[in-house]
Amino acid sequence: MKRACPEAMLFDLDGTLFQTETLLLPAYDAAFEQMNREGSYTKGTPPKELILSSLGMLLEHIWARVLPDADEQVRRRADELLLHHQVEGLKRGDGTFYPGVQQTLRALHAKGVKLFVASNGLEQYVKDVIGLKGLGELFTGLYSAGEYQTRSKVDLVKLLLEHHGIKSAWMVGDRSSDVEAGKGNGLPVVGCKYAQFGKDSELEGADMIITDFAQILELVE
C-alpha cells in the first residue's frame, strides 16, 4: 500500500544500505590474524556466523557473543582492530552497497526527503562508509550509538527526531531493533528482507516489507 511521502527517512546501515560482509569478513580475518601474531588472542578466528548473526546489536553485545571467553581488554582490542581494518578496506575501495541503493537514495533526495542513518555501529565506521563511498552529500545526519552513547536504537532515533524537529518519518531496516526503534517512536517501519542476517521473525511488526531496496520508491505516493 502506498503512503504519503514522509518528511524524512531513517536508514539502518549494515544489512540495509551496506552489504556489510563485503567489508567486514576480510577485516574480521585480518583482525584476528593480527591478534594471534601479537599474542592478545591465540584461540583462532571465531566462526564468522557469530558476528554476521549479531549485526545490528550494540557492540558490547556483539563481542559478548563472539568472544564469550575473553575479558574486556581482549574485546576492546578486537573492536579496535576490526575498525582499523574496515577503514583500511574502505580506503582501498572494499565494500559495496546493495543493488539500487545509490540510485534510490538520490531519487529520494531529489524528491526533497531528508535522509538519515541511524546505526548501532561506531561513529567512525558509519561516517566512513557513507563518506568514503561518496554519499555524504545526500544525508542530513549520520547518527550512531558510538557517537551518542545511546543504550538502544529507540533512544538513538528519539534523539535524531528531536534534534531535527522531524514530524513525519519512516524507519527502514532489517533487524528487530529497527522495528522496535520505529514503533517506539511512532514511525511506520519498512522491513528489508534481502540481507537475511537475522531470524525469519526479525521483521514482525513492520508495516511494509521490501525484498529489493529500490521498492521503497514504489511505496511513496
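Cut-offs and rules
- The residue numbering used here restarts from 1 in each chain and proceeds along that chain's sequence as written.
- Given that this is a predicted model, residues contribute local features only at a pLDDT of at least 70 and side-chain atom pairs are listed and counted only at 80 or more, while totals for whole chains, interfaces and linings are drawn from all residues.
- Side-chain figures throughout are based on the complete set of non-hydrogen atoms in the structure, without hydrogens or water.
- The helix and strand labels rest on DSSP assignments: H or I over at least four residues marks a helix, E over at least two residues marks a strand, and numbering proceeds from the N terminus.
- Each radius of gyration is computed over the set of C-alpha atoms, and the globule rule expresses the reference value as 2.2 Å times the number of residues to the power 0.38.
- Here the term buried applies to any residue with accessible area under 20% of the maximum for its type, exposed to any over 50%, and partly exposed to those in between, with areas from a 1.4 Å probe on protein chains only.
- For this analysis, residues touch if any pair of their heavy atoms sits within 4.5 Å.
- In this description, accessible areas are obtained by the Shrake-Rupley approach with a 1.4 Å probe, and a residue is regarded as covered only by the protein chains that are shown.
- Residues counted as positive are Lys and Arg, residues counted as negative are Asp and Glu, and His and the chain ends are not counted.
- Note on charges: their place is set at NZ of Lys, CZ of Arg, CG of Asp or CD of Glu.
- Any helix carries an expected span of 1.5 Å times its number of residues minus one.
- Read the arc as the range of directions from the helix axis to the C-beta atoms.

Draft legend 1. A look at the overall build of the protein. If you tally the helices and strands in the protein, you get 10 helices and eight strands. A globule of 221 residues ought to have a C-alpha radius of gyration of about 17 Å, and the protein, at 17 Å, matches this closely. Taken along its principal axes, the extent of the C-alpha atoms in the protein is 55 × 35 × 30 Å. Residues classed as buried in the protein amount to 51% of the 221 residues present. Put simply, of all contacts in the protein between residues at least 6 apart along the chain, 70% involve residues at least 24 apart. Carbon and sulfur atoms make up 48% of the accessible area of the protein, which totals about 10100 Å². Across the protein, the centroid of the 24 positively charged side chains sits 2 Å from that of the 32 negatively charged ones.

Draft legend 2. Helix α8 (residues 153-164), seen in detail. Look at α8: 17 Å from first C-alpha to last across 12 residues, which is about the 16 Å you get at 1.5 Å a residue. Regarding α8, the residues found buried are Lys-153, Leu-156, Val-157, Leu-160 and Leu-161. Considered in projection along α8, the buried side chains sweep an arc of 130° and stay on one side of the axis. On the buried face of α8, the contacting elements are β1 (8-11), β4 (114-119), β5 (139-144), α7 (145-148), β6 (169-173) and α9 (176-183).

Draft legend 3. The arrangement of the environment of Ala-110 in detail. Considering the arrangement of structural elements, one finds Ala-110 in helix α5 (residues 101-110). When the C-alpha atoms of Ala-110 and Leu-138 are compared, they prove to be 9.2 Å apart, with 28 residues separating the residues in sequence.

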